[in-house]
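Observations on chain architecture
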Amino acid sequence: MQVHEEARLVAAAPAEAPLLSVRDLCVRFGGITALDGVSFDVQRGQVAGLIGPNGAGKTTLFNCLSRLYGYSEGRIRFDGQPLESVARHQVAGLGIGRTFQNLALFGSMSVLDNIKVGRHARTRKGFLANALRLPGVAAEEEDSSRRARELVRFLGLEPVADTRVAELPFGSRKRVELGRALASEPRLLLLDEPAAGLNHEEVGALGTLIRRIRDQFHLTVLLVEHHMGLVMSVSDHVVALNFGRKIAEGTPAQVRAHPEVIQAYLGTES
């Protein structure tokens, strides 16, 4: 009897709310509709993939999640909080980290210093305190350096930690940007075309790294990617867009076999 009662209580317990919830999102640029009523959820701890042909609206959606773009209709909730109520400069502190398709690193700075920049969202001392070297500044700087070095080690960048980023090959610079995003201790990590410009071997290593990041740092990952092999191998859940609309959603196998996804990529229904 007790077993049945426990089973009933478990069945009645509410499901955990998604970390990210997008509902009926619409974005228009003049007469162009970039996103048209897009809705989906990303559950905590998932690796979710966002796919679609060029012009499908993927980067527009990422820019909405980063608060770089506004939206005319719909809503986005992060951990239950309306994202439109958050100022752009507060997004990283809220727990959303991001990489960019076009690398946005400081070429004249070292690998370590670039990653330390990502700690800014987690520091509490302001400009005046740092300028006057008030109590607590040194301890905060030491903590930032320690955490940055941990990420350098995790990403296999120790041999080039003190090297200027501009001197590194493209694949290494990609890892530096990933380290900077992780330095802000995000709960949701947005990866914008992380495989772009990488060779076959580097793409394989990236897939393993994305899973390691999710597991070791206990975060959620949403990635935009054209490399279907990578998306399908690392994602728990996939959302497909085309011309600003969601055309499919589900497991990688379900989305891969969906007729509208096949048509969007191959121009045929079979």
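Residues numbered from 1 in each chain as written. Predicted model: local features only at pLDDT ≥ 70, side-chain atom pairs only at ≥ 80, totals over all residues. Heavy atoms only, no water.

1. Describing the sheet that holds strand β1 (residues 20–29)
Formally: Any two strands between which DSSP finds at least two bridges are classified as paired. Strands here mean DSSP runs of E at least two residues long; helices mean DSSP runs of H or I at least four residues long; both are numbered from the N terminus. Should any heavy atoms of two residues lie within 4.5 Å, those residues are considered in contact. A fitted line through C-alpha atoms represents every axis, and for helices the fit uses only the stretch in contact; the resulting angles, taken between N-to-C directions, go from 0 to 180 degrees.
The four strands lie next to each other as β2-β1-β4-β5, forming an open sheet whose pairing is antiparallel. The open sheet has two edge strands, β2 (32–42) and β5 (81–82), and neither has a second partner. Taken together, the five bridges between β1 and strand β4 (residues 73–78) define a ladder with antiparallel strand orientation. From the neighbouring strand, cysteine 26 faces β4, where its bridge partner is glutamate 73. Against the sheet, helix α2 (residues 58–65) touches β1, β2 and β4, its axis set at about 115° to β1.

2. Examining the packing of helix α7 (residues 170–183) against helix α8 (residues 200–217)
Keep this limit in mind: Any angle between 65 and 115 degrees counts as roughly perpendicular, while under 35 counts as roughly parallel, over 145 as roughly antiparallel, and the rest as oblique. Crossings are assigned a handedness: left-handed for a near helix turned anticlockwise from the far helix by less than a right angle, right-handed for a clockwise turn.
Where α7 contacts α8, the two axes come as close as 13 Å, and the packing angle between them is 15°. Classified by the angle between their axes, α7 and α8 sit roughly parallel to one another. As for how α7 packs across α8, the hand of that crossing is right-handed. Facing α7, whose interface residues are Gly171, Leu178 and Leu182, α8 presents Glu202, Leu209, Ile213 and Phe217.

3. Remarks on the layout of surface pockets
For the record, the criterion: A 1.4 Å probe that fits into a set of points on a 1 Å grid over the protein atoms alone but cannot get out defines a cavity; an open set with protein on both sides within 12 Å along at least five of seven lines defines a pocket, and lining residues are those with an atom within 4 Å of a point. Grid points are joined across faces, edges and corners, and a volume is the space filled by probe spheres set on the points. When residue character is reported, Ala, Val, Leu, Ile, Met, Phe, Trp, Tyr, Cys and Pro are called nonpolar, Asp, Glu, Lys and Arg charged, and the others, Gly included, polar.
Approximately 580 Å³ is the volume attributed to the largest pocket. Lining the largest pocket are 20 residues, with Ala92, Ile96, Gly97, Arg98 and Phe100 positioned closest to its centre. Mapped onto the lining of the largest pocket, the elements with two or more residues apiece are α3 (91–94), β6 (96–98) and α7. Along the lines of polarity and charge, the residues of the lining of the largest pocket split into 10 nonpolar, six polar and four charged.

4. A few points about the environment of valine 152
Under the convention used in this document: Partly exposed describes any residue whose relative accessible area lies between the buried limit of under 20% and the exposed limit of over 50%, with all areas from a 1.4 Å probe on protein chains only and scaled to the type maximum.
Tracing the chain through its elements places valine 152 in helix α6 (residues 137–154). Valine 152 sits in the buried class, given a relative accessible area of 2%. In the structure, valine 152 is positioned 37 residues away from isoleucine 115 in sequence and 8.0 Å away in space, judged by C-alpha atoms. Those residues in contact with valine 152 that lie beyond four places of it in its chain are Val111, Leu112, Ile115, Leu157, Glu158 and Ala161.

5. Thoughts on the pattern of salt bridges
Applied cut-off: Any carboxyl oxygen of Asp or Glu that lies within 4 Å of a side-chain nitrogen of Lys or Arg is treated as forming a salt bridge with it.
In the structure shown here, the tally under the stated rule is 19 salt bridges. The salt bridge involving aspartate 79 is made with arginine 44; its shortest N-O contact spans 2.7 Å. A residue pair is termed long-range when its members are at least 10 positions apart, and aspartate 79 in the loop between β4 and β5 and arginine 44 in the loop between β2 and β3 (47–51) qualify at 35 residues. Judged by its relative accessible area of 34%, aspartate 79 is partly exposed. For the salt bridge of arginine 146 with glutamate 150, the shortest nitrogen-to-oxygen distance reads 3.0 Å. Here glutamate 150 and arginine 146 lie together in helix α6, a separation of four residues that amounts to about one turn. When salt bridges that share partners are traced, they join Arg119, Asp143, Arg146, Arg147, Glu150 and Glu185 into one network.

6. Comments concerning the confidence of the model for the protein
Note the following rule: Residue-level confidence of the predictor is summarised by pLDDT, bounded by 0 at the bottom and 100 at the top.
Overall, the predicted model of the protein reaches an average pLDDT of 87, with 86% of residues at or above 70. Every residue in residues 125–132 is under pLDDT 50, and counting partners more than four places away or in other chains gives nine contacts.

7. Considerations on the sheet that holds strand β7 (residues 188–192)
Strands sit in the order β6-β7-β8-β3-β9-β10 across an open sheet of six strands; the sheet is mixed. Edge strands, defined here as strands with exactly one partner in the open sheet, are β6 and β10 (245–250). Pairs of neighbouring strands in the sheet enclose a mean axial angle of 20°, with direction left out of account. Pairing geometry for β3 and strand β8 (residues 220–224), over four bridges, is parallel. Paired with alanine 48 across the two strands is leucine 222, which belongs to β8. Relative to β10, helix α11 (residues 259–266) is tilted by about 125°, and along the sheet it contacts β3, β9 (237–242) and β10.

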